[in-house]
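Coordinate inspection notes
What follows is the residue order along each chain.
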Amino acid sequence: MRLGANAAGINATRERQTFSVIKGRRFGDNGYAEAMAAAGSSALSRADSRFWELSEDKEDKEKRVGETDGAGGDRAEATRVYEAVTAGKDPLEGLRQVAKVPYGYLAKDGVIEYNGVCFICDEKTNSICLGDMTDKTKVLNIPLSGGGCLKVNRDNLGDLSKAIGMFSPEDVNRILRAIAQDTKIQSMKNELEDMEASVGEELGPDRQESDEE
């Protein structure tokens with residue numbers, strides 16, 4: 001009986017005196033509850049503070065991205081102005097008037113000069129011309145991707161190759177395809193003319209003999 005009483009007394013004592021160690025200090029029942037409440041409040045405060053820090057960081061990041069994009073546009077515009085000034089052109093010329101011919105932004109006084117090759121601007125036909133345009137049978141009309149066309153005399157295809165870097169990659173493909181197609185057509189025409197000439201030569205002596213008879 002004494003042993004049981006002692007055990008019951010020990011258990012009761014342990015239930016009444018519940019201790020927990022928080023940050024190296026010992027608290028009773030009330031102290032433990034207050035400490036847990038304080039710790040929870042501190043944790044919530046830290047979490048709330050961290051939430052607002054992350055929100056502000058996100059807003060700042062988005063703001064920086066927007067400012068970076070704007071700075072990129074400014075740098076591109078500054079580069080365009082610098083290149084125009086370096087080339088001796090008016091940097092505001094492209095802003096004052098819209099080009100009426102392909103690559104018209106490169107024109108000065110109606111002429112585009114690139115790598116020593118001169119293209120004449122023809123606003124009536126919305127085209128740039130290379131070489132003599134008098135004989136239309138010798139002129140290639142090549143539509144360009146941005147509208148308008150390139151007119152080039154076959155005798156000036158060598159000059160066109162020197163200035164090919166002026167055109168966009170898509171227009172370069174258009175130009176090369178047009179030249180290849182025209183070369184094939186001209187070759188077929190030449191072959192046909194040669195065949196007609198050879199047939200005429202073969203029939204020539206026979207006709208002479210028939211006339212003599």
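So, a few notes on the structure that sits alongside this text. Being a predicted model, the structure only gives us computed values, none of them experimental.

Notes on the environment of Asp-132
Within the secondary structure, Asp-132 is located in the loop between β5 (127–130) and β6 (139–143). Sequence separation between Asp-132 and Arg-154 is 22 residues, and the spatial gap between their C-alpha atoms is 9.4 Å. Setting aside anything within four residues of it in sequence, one finds Asp-132 in contact with Val-139, Asn-153 and Asn-156. A polar atom in the side chain of Asp-132 sits 2.7 Å from the side chain of Thr-134.

Details of the pattern of salt bridges
Taken as a whole and judged by the stated rule, the model has three salt bridges. The closest approach of N and O atoms between Lys-138 and Asp-155, which form a salt bridge, is 2.7 Å. Of the two residues, Lys-138 is situated in the loop between β5 and β6 and Asp-155 in the loop between β7 (149–153) and α4 (157–162); the sequence distance between them amounts to 17 residues. With relative accessibility at 30%, the residue Lys-138 sits in the partly exposed group.

A word on the sheet that holds β6
As summarised here, the arrangement of the five strands in space is β3-β4-β5-β7-β6, forming an open sheet in which the pairing is mixed. In the strand order of this sheet, the two ends are held by β3 (111–114) and β6, each with one partner. When strand polarity is set aside, the average angle formed by the axes of neighbouring strands in this sheet is 25°. Bridge count for strand β4 (residues 117–122) against β5 is three bridges, and the pairing is antiparallel. Each bridged residue has a counterpart across the sheet, and for Cys-121 the counterpart in β5 is Ile-128.

The rules we used
Residues numbered from 1 in each chain as written. Predicted model: local features only at pLDDT ≥ 70, side-chain atom pairs only at ≥ 80, totals over all residues. Heavy atoms only, no water. Helix = DSSP H or I, 4+ residues; strand = E, 2+ residues; numbered from the N terminus. Contact = heavy atoms within 4.5 Å. Polar contact = N/O pair within 3.5 Å; in protein donor to acceptor, adjacent residues only side chain to side chain. Salt bridge = Lys/Arg side-chain N within 4 Å of Asp/Glu carboxyl O. Buried < 20%, exposed > 50% of the residue type's maximum accessible area, 1.4 Å probe, protein only. Pairing = 2+ DSSP bridges. Axes fitted to C-alpha atoms, helices over the stretch in contact; angles between N-to-C directions.

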